[in-house]
Amino acid sequence: MAASESEPLTTEMKEFSMEEIASHTTEEDLWMIIGNRVVDLSKFDDHPGGPDVLESAAGTDATEEFDQIAHSSAAKKQVEDFVIGKLEGTQIISLDDGAGGTGESSTVFTILAIVLAIFFYFYLKK
Ligand code: HEM
């Protein structure tokens, strides 16, 4: 599933070197890496987290910072609006993997817990 999601993104993507990305660090010319995507945030004037955090991450791989503040899925989708390419020699990393993964497994555990509760309820009733 993850592979088919990232394929359309990776096939026709322009590749940029780390040096190239690291040279776009001003407010008007601001690039960074998020999950191996190269994003051009020069026109992202209304970042809800403020312009300062973006400027301090300019020209770097901000994947961890982006993850750490637990951006909403709307924010993760919005990242795609700014993608101009990818870091050379890499594969795009799905930003939803972590959240989707835990979401899925917690659903499984919830269902399992309910099934077990029902089971024990009838078992103990006997
Ligand atoms: C294309 C890149 C980015 C997009 C589209 C984006 C979008 C957003 C959005 C929509 C929000 C509002 C809250 C939410 O919906 O999650 C937000 C909040 C925030 N973002 Fe970003 N963001 C980006 C990159 C970054 C980066 C690289 C950092 C840190 C270095 C950062 C730090 C923050 C912080 C600190 C907040 C405020 C959280 C809060 O008030 O609770 N963002 N961002």
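Here goes a summary of the coordinates provided. (Residues numbered from 1 in each chain as written. Predicted model: local features only at pLDDT ≥ 70, side-chain atom pairs only at ≥ 80, totals over all residues.)

1. What to know about the overall build of the protein
Next, step 1: Scanning the protein from N- to C-terminus turns up six helices and five strands.
Next, step 2: Ordered by position from the N terminus, the helices and strands of the protein form the series α-β-α-β-β-β-α-α-α-β-α.
Next, step 3: Each of the 126 residues in the protein was classed as buried or not, and the buried ones make up 17%.
Next, step 4: Here the analysis covers contacts within the protein between residues at least 6 apart in sequence; of these, 75% occur between residues at least 24 apart. (Helix = DSSP H or I, 4+ residues; strand = E, 2+ residues; numbered from the N terminus. Buried ≥ 20, exposed ≤ 12 C-beta atoms within 10 Å, placed from the backbone. Contact = placed C-beta atoms within 7 Å.)

2. Notes on the site of the ligand
Next, step 1: The local shell around the ligand holds 20 residues, among which Pro48, Gly49, Glu65, Ser72 and Ala75 are the closest.
Next, step 2: Secondary-structure elements contributing two or more residues to the shell around the ligand are helix H3 (51–57), helix H4 (63–68) and helix H5 (73–79).
Next, step 3: With four residues, H5 is the largest single contributor of residues to the shell around the ligand.
Next, step 4: Its residues assigned to classes, the shell around the ligand shows 14 nonpolar, five polar and one charged. (Near = placed C-beta within 6 Å. Nonpolar A, V, L, I, M, F, W, Y, C, P; charged D, E, K, R; others polar.)

3. Here we look at the environment of Phe66
Next, step 1: On the secondary structure map, Phe66 appears in helix H4.
Next, step 2: Sequence separation of Phe66 and Gly35 is 31 residues, and the distance between their C-alpha atoms is 9.2 Å.
Next, step 3: Those residues in contact with Phe66 that sit more than four places away from it in its chain are Ile34 and His71.

4. Concerning the sheet that holds strand S5 (residues 83–87)
Next, step 1: Read across the open sheet, the five strands follow the order S1-S5-S4-S3-S2; overall the sheet is mixed. For this open sheet the edge positions go to strand S1 (15–16) and strand S2 (25–26), each flanked by a neighbour on one side alone.
Next, step 2: The sheet contact formed by S1 and S5 spans two bridges and is parallel. Note that in S5 the partner of Glu15 across the bridge is Lys86. (Pairing = 2+ DSSP bridges.)

5. A closer look at the nonpolar core
Next, step 1: Trp31, Met32 and Ile33 are the most contacted members of the largest nonpolar core, which has 15 residues in total.
Next, step 2: Looking at this core, the elements with two or more residues in it are strand S3 (29–34), strand S4 (37–40) and H3.
Next, step 3: Considering each element in turn, this core owes the most residues, five residues, to S3. (Core = buried A, V, L, I, M, F, W, Y, C linked by C-beta atoms within 7 Å.)

6. Topic: the environment of Ile92
Next, step 1: Residue placement: Ile92 occurs in the loop between S5 and helix H6 (97–125).
Next, step 2: The exposure class of Ile92 is buried, given the 20 C-beta atoms found within 10 Å.
Next, step 3: C-alpha separation for the pair Ile92 and Asn36, spaced 56 residues apart in sequence, amounts to 5.1 Å.

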